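Tertiary structure, described
So you can see what is in the structure, the chains are spelled out below.
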Amino acid sequence: MSINQLSALASPLNDQQIDQLKLAAAESSPQQLAWISGYFWGLSQSQSPATAVAPTSNVLAAAKPAGQLTIIYASQTGNAKGVAEALQQQAQAQDIAVKLISAGDFKAKNLTKETHVIIVASTHGEGEAPDDAIELHQFLQSKKAPKLPDLHYAVIGLGDSSYEFFCQTAKDFDQSLAKLGAQPMLERLDCDVDYDAAAAEWQLQVLAKTQQTLSTGEAEVVQLPVGQHQVASTVYNKQHPFSASLSVSQKITGRGSDKDVRHIEIDLEQSGLTYQPGDALGVWFDNDPQLADTILAKLSLDAEASVDVDVDGVALSLRDALITKYEITASNPQFVTKYAELSGSKKLQKLVADREKLREYSANTQIIDVLAEKKATLTAPQFIGLLRRLTPRLYSIASSQQEVGEEVHLTVGVVEYQQGDVQRQGGASSFLAQRLEEGGEVKVFVETNNNFKLPADDNTPVIMIGPGTGIAPFRAFVQERDNREANGKNWLFFGDRTFTEDFLYQVEWQKYLKAGVVTRIDVAFSRDQAEKVYVQQRILEQAAQVWLWLQQGAHVYVCGDATHMAKDVHHALLTVIEQQGNQTPQQAEQYLNELRKTKRYQRDVY
């Protein structure tokens, strides 16, 4: 029976569910369909008849264990949550009793009641735990943490090895649990940005270890808390993106600006994709074919040489693989380290010996320029083995769906700079701004960010700090509050280089200010006067009002550069709290930490 015959039969599925199955089936290979069939059969066997016919009930079925597996995710932008959800699905398919929970919702003292725990953790900022995980992270390192000799655990971390504190939160969790006497089921895995394959293999291993120590029995009905429901994953996600079309790519910086910032509009019609202000859009992109050709020529490699790109034996020409499957623009410490060894470059080997200089060099040098340091003779498989897999870029969504309907808007700064006589560009930003024509296809998915959300109470004041392209989510915030007719005050701090050339969405902001949707705007244009001025200085200038808004319950949001701006803004807020609140530096830090824990201080920095 084909999927197209389903609607003609007496089916327990509604029309929307049938349409989703049709869509999933159309985009799946025979091998994938076979796996899906087995997965759904496994799920059906783990449900009791009562729960199987009541999909709207707030009751879930799970296997009743001698213990159960609890998966805790500590996620800032959604990647760790996605890995945790995939792990949960695999556990369910293997009849393992499993519970999935955010670190923010998990009561740390209940660890003594757990038998098996897997923590999936990302790292935020400079080795900091994600906002939802602050309390659990601190508790496990405190004197209050109990001994856990009966707990079996495993930890997987997600991070970017280009940064100094790579997977630090996962390392902290691992070390803390070990000190408390918990028993590791598997060695911790620290995943880099191209984590899919490594994470999938680790998941299989950790579930096998879980099965060895966790026995399952009869089905147990688990009642979820009131208002908490099991939400089915959308048809489209990182692994299965939606093929959307580019509607608008408009430069919104002036002719005299030395920055190219684009307002991007993407058509989501018929996708069913929904998003909330604060979420991000994942964008898959193709590399610049000219860059691929330049690399091939530099290495004297045959563009048509066949290379294996997937574990299932899929092969592409080397040129096609470089364009569609591998990161060939941004460098990273691992690439530099491996190429230093293969090329024998003394300059690169000297950099490798100094971790800080290696990270700095990698962050500011593209792969093509690393290859130029010294030529090496490489085979196609050798070169492919040096590269990371291509990963999607995440962009803060710059629109409210209540305002724009089946569209999504982005604010994209094109990464470009001179390297000698040649201009270098970022892979994703140049794809969106220059290589993708209007009407062209772009594969996208929504990445939910529950750690960057408007307050539920529309009467709550909001302070938004977003220089440069950090303005993007605040455009969405204000559109949303305008459509909801929210009464809460809105204060924007915006900064860039010049008022005339770089005031992004200036006309829109002036309209919102005139209409009273935005209460006040404070701007800092660094190059419009002899002495440079930045948003953190505007915050300090308005310290009394900032403190008053905080006392009135304001939520503070920061979006943009993590390296400098976010740190400077953080210090400015601490100064405001110290001076206006008559607090010590330690008290001010504690005050700001409490704001983070209660989601009154949220950051989306990169």
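Residues numbered from 1 in each chain as written. Predicted model: local features only at pLDDT ≥ 70, side-chain atom pairs only at ≥ 80, totals over all residues. Heavy atoms only, no water.

Another aspect to go through is the sheet that holds strand β18 (residues 441–447). Spatial strand order, β14-β11-β18-β9-β10-β15: six strands in an open sheet with antiparallel pairing. With partners counted over all chains shown, the strands left at the sheet margins are β14 (393–396) and β15 (407–413), one partner each. Between one strand axis and the next, the sheet turns by 40° as a mean value, whatever way the strands run. Judged from the six bridges that link them, strand β9 (residues 242–251) and strand β10 (residues 261–267) form a sheet pairing that is antiparallel. Across the sheet, the residue bridging to K251 is R262, located in β10. Its contacts with the sheet place helix α16 (residues 427–435) against β9, β10, β11 (280–284), β14, β15 and β18, and it is angled at close to 65° to β14. (Pairing = 2+ DSSP bridges. Helix = DSSP H or I, 4+ residues; strand = E, 2+ residues; numbered from the N terminus. Axes fitted to C-alpha atoms, helices over the stretch in contact; angles between N-to-C directions. Contact = heavy atoms within 4.5 Å.)

This next bit is on helix α10 (residues 333–343). Listed in full, the buried residues belonging to α10 are P333, F335, V336, Y339, A340 and S343. The arc that holds the buried residues of α10, viewed along the axis, is 160°, so those residues lie on one side. Looking at the buried side of α10, the elements it contacts are α11 (346–352), α12 (355–364), α13 (367–371) and α14 (380–386). Capping the start of α10, N332 holds a side-chain oxygen 3.1 Å from the backbone nitrogen of Q334, two or three residues further along. Positive phi shows up at G344, right after α10, with a value of about 75°. (Buried < 20%, exposed > 50% of the residue type's maximum accessible area, 1.4 Å probe, protein only. Arc of directions from axis to C-beta. Polar contact = N/O pair within 3.5 Å; in protein donor to acceptor, adjacent residues only side chain to side chain.)

Quick look at the pattern of salt bridges now. Taken as a whole, this structure holds 26 salt bridges when the rule is applied. For D196, the salt bridge is made with K238, and the minimal N-O distance between the two is 3.7 Å. One end of the pair, D196, is in helix α7 (residues 196–213); the other, K238, is in the loop between β8 (216–223) and β9, with 42 residues separating them in the sequence. On the basis of relative accessible area, K238 is assigned to the buried category, the value being 12%. Two residues, D258 and R527, come together in a salt bridge whose shortest N-O distance is 3.6 Å. Pair noted here: D258 is in the loop between β9 and β10 and R527 is in the loop between β21 (520–525) and α20 (535–541), with a separation of 269 residues, a long-range link. (Salt bridge = Lys/Arg side-chain N within 4 Å of Asp/Glu carboxyl O.)

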